[in-house]
Amino acid sequence: MENYLIYIGVAAATILLPGPAVMLTLNNAMQRGFIKTLAGVFGVALAILLVAIISASSLGIILATSAFAFNVVKIVGAVYLIYLGVKMFRSKVKTNAHVAAQQNSLLRCFMEGFFVSISNPKAVIFFMSIFPQFINLNEAYAPQFILLSLTFSCLVIVIHTVYALGATYAKSKLASEKGSAILNKVSGGVFVGFGVGLAASSK
């Protein structure tokens, strides 16, 4: 239990760090409303759960040991982040909030969250390095792995929901057309920066 509490602290600190998924949640809360933001959050959480499963499989070992496989996934992820960034940067401000909200379905928000997280190969490396620290080899592996994976995904939902609530509360400060335009530019620039950084990074 002591090790599990430490794991919760490490996982929460990792999730709290600003990254593409957090930025997507904040941007969705500002632009699309709380319900559609939650759809994106669940997409992120599902992707994280799948990444955890991949990290425990032979595919995770391939990504960790094969430079080619790692770079392929990395480039795909970088291109997707840059695409999202450019789309945000070039998006026009909608003066009618209801019309703007209708243009983004729950499925679209869910898939954006899913692809932002599933296309980052460094997440696999993270889980492969962190899980062994908290798994007792003298006990059954599967129940421990399932607990750690589900805990991380649940923490993603909780922490991102808190981020979304905070951004929704602050939305009134950026409710003007000028504020929304600035938010689009800043968010787009940040996503492009994340994409370029991922493409230029190594393991």
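See the structure shown above.
Being a predicted model, the structure only gives us computed values, none of them experimental. (Residues numbered from 1 in each chain as written. Predicted model: local features only at pLDDT ≥ 70, side-chain atom pairs only at ≥ 80, totals over all residues. Heavy atoms only, no water.)

Interhelical geometry of helix H3 (residues 34-55) versus helix H9 (residues 141-170) gives an angle of 155° and a closest axis separation of 9 Å. As judged from the angle between their axes, H3 and H9 are roughly antiparallel. Classified by chirality, the crossing of H9 by H3 is right-handed. Across the interface between the two elements, Phe34, Thr37, Leu38, Val41, Phe42, Val44, Ala45, Ile48, Leu49, Ala52 and Ile53 of H3 pack against Phe145, Ser149, Leu150, Phe152, Ser153, Val156, Ile157, His160, Thr161, Ala164, Leu165 and Thr168 of H9. Considered class by class, the residues forming the contact of H3 with H9 number 17 nonpolar, six polar and no charged. (Axes fitted to C-alpha atoms, helices over the stretch in contact; angles between N-to-C directions. Helix = DSSP H or I, 4+ residues; strand = E, 2+ residues; numbered from the N terminus. Parallel < 35°, antiparallel > 145°, perpendicular 65-115°, else oblique. Left-handed = near helix turned anticlockwise from the far one by under 90°. Contact = heavy atoms within 4.5 Å. Nonpolar A, V, L, I, M, F, W, Y, C, P; charged D, E, K, R; others polar.)

This part is about the pattern of salt bridges. Two side chains with opposite charge may pair up if their charged atoms get near one another. On inspection of all chains with the given rule, the structure shows two salt bridges. Put simply, Arg108 and Glu112 hold a salt bridge, and the shortest N to O gap is 3.8 Å. Of this pair, Arg108 and Glu112 both sit in helix H7 (residues 106-118), four residues apart, roughly one helical turn. Overall, the relative accessible area of 4% leaves Glu112 in the buried class. Three or more residues joined by partner-sharing salt bridges are found here, namely Arg32, Arg108 and Glu112. (Salt bridge = Lys/Arg side-chain N within 4 Å of Asp/Glu carboxyl O. Buried < 20%, exposed > 50% of the residue type's maximum accessible area, 1.4 Å probe, protein only.)

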